[in-house]
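One letter stands for each residue in the lines below.
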Amino acid sequence: TNGYLSVSRINNHSEETDKRLLEILGSIEKHSNHPLAKGILKYLKSERIKANIDLITEDLIGYGIKAQEGNTVYYACNGELLEKLDVINSYKEEERKMKLEGNYVIYLVKNKKVIATFGLKDIPRKETKKVLNLLRERNYNIILLSGDNEIVTTKIAKELDIANVVAGLN
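From a predicted model like this one, the values you see are computed outputs, not experimental measurements.

J.: Lay out the overall build of the protein chain with the relevant residues and their values.
T.: Looking only at helices and strands, the protein chain features six helices and eight strands. Ordered by position in the sequence, the α and β elements of the protein chain form the string β-α-α-β-β-β-α-α-β-β-α-β-α-β. Overall size of the protein chain, expressed as C-alpha extent along the three principal axes, is 60 × 35 × 30 Å. A total of 170 residues make up the protein chain; the buried ones form 41% of that total. For the protein chain, contacts bridging at least 24 residues in sequence account for 53% of all contacts bridging at least 6. Of the accessible surface of the protein chain, which amounts to about 10500 Å², a share of 47% is contributed by carbon and sulfur atoms. If you average the places of the 27 positive and of the 24 negative side-chain charges in the protein chain, the two averages end up 5 Å apart.

Now the structure itself:
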């Protein structure tokens, strides 16, 4: 893969524009070193979207980030945090479908209401299929080893026509 995640889908559940949702998400993520944050910021840069909202942030390790602007509280988080915060999640099926497409899913929450879900995924490099075909022609056994979860790894393996997959490695 390219080695970085990119925003592949935006599901807007608010009256904000997609651009505004990305500005909020980027402003939340800009102080994080997490790979998801880096992918989001790289995507924003490629789309010429500024992440310049002044927010006070707090990392919630394993769940996401809490951010505050005055009386407004945002979260960029996974579905597990929604349960802990007692936020109504009407988007579990949407999350499931995005994961089946190979996406990592981020919820954007504003004052305990989901306002968007974002799908992020890593994309195979352009030359990957060509290299794999050359290896197959030379009778190499191809195995995809990944630290990603099984759903994401299986999706990439399917795109690259790789039958042997081991996911969840540390």
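J.: Which residues make up the nonpolar core, and what values go with them?
T.: With 24 residues, the main nonpolar core has Ile28, Ile40, Ile106, Leu108, Phe118 and Leu120 as its most contacted residues. For this core, the elements supplying multiple residues, two or more each, are strand E1 (5–12), helix H1 (18–29), helix H2 (35–46), strand E3 (64–69), strand E4 (72–77), strand E5 (104–110) and strand E6 (113–122). Residues within four places of Ile28 in sequence aside, it is in contact with Leu55, Thr57, Ile65, Ala67, Tyr74, Ala76 and Leu108. Ranked by size, the runner-up nonpolar core spans 13 residues in total, among them Leu60, Val73, Leu82 and Val105.

J.: Can you lay out H1 for me, pointing to particular residues and giving the numbers?
T.: Note on helix geometry: an α-helix contains 3.6 residues per turn, so any two residues three or four positions apart are oriented the same way. Helix length check: H1 (twelve residues) gives 16 Å between terminal C-alpha atoms against 16 Å at 1.5 Å per residue, within 8%. Among the twelve residues that make up H1, nine are buried, leaving the element largely enclosed by the rest of the structure. Buried residues of H1: Leu21, Leu22, Glu23, Ile24, Leu25, Gly26, Ser27, Ile28 and Glu29, and no others.

J.: Describe the sheet that holds E1, naming the residues involved and giving the relevant values.
T.: On the basis of which strands lie adjacent, the open sheet formed by six strands has the order E1-E6-E5-E4-E3-E2 and antiparallel pairing. On the outer flanks of this sheet lie E1 and strand E2 (56–60), each paired with one strand and no other. Geometrically, the sheet is characterised by an average inter-axis angle of 20° between neighbouring strands, direction not taken into account. Of the strand pairs in this sheet, E3 and E4 are connected by six bridges, and their pairing is antiparallel. Bridge assignment links Ala67 to a residue of E4, and that residue is Tyr74. Across the face of the sheet, H2 comes into contact with E1, E5 and E6 while running at roughly 80° to E1. Strands E1, E5 and E6 of the sheet are contacted by helix H4 (residues 92–100), whose axis makes an angle of about 150° with E5.

J.: Which residues make up unusual backbone geometry, and what are the values?
T.: Of note in this structure, Asn111 is not a glycine but carries a positive phi near 50°. Here Asn111 shows up in the loop between E5 and E6. What makes Asn111 partly exposed here is its relative accessible area of 41%. Even without glycine at this site, Lys112 takes up a positive phi of about 65°. Tracing the backbone shows Lys112 in the loop between E5 and E6. By relative accessible area, which is 52% here, Lys112 ends up exposed.

Rules behind the numbers
- Residues numbered from 1 in each chain as written.
- Predicted model: local features only at pLDDT ≥ 70, side-chain atom pairs only at ≥ 80, totals over all residues.
- Heavy atoms only, no water.
- Helix = DSSP H or I, 4+ residues; strand = E, 2+ residues; numbered from the N terminus.
- Buried < 20%, exposed > 50% of the residue type's maximum accessible area, 1.4 Å probe, protein only.
- Contact = heavy atoms within 4.5 Å.
- Areas by Shrake-Rupley, 256 points an atom, 1.4 Å probe, with all protein chains shown as cover.
- Lys, Arg positive; Asp, Glu negative; His and termini not counted.
- Charge placed at Lys NZ, Arg CZ, Asp CG, Glu CD.
- Core = buried A, V, L, I, M, F, W, Y, C linked by side-chain atoms within 4.5 Å.
- Expected span 1.5 Å × (residues − 1).
- Pairing = 2+ DSSP bridges.
- Axes fitted to C-alpha atoms, helices over the stretch in contact; angles between N-to-C directions.

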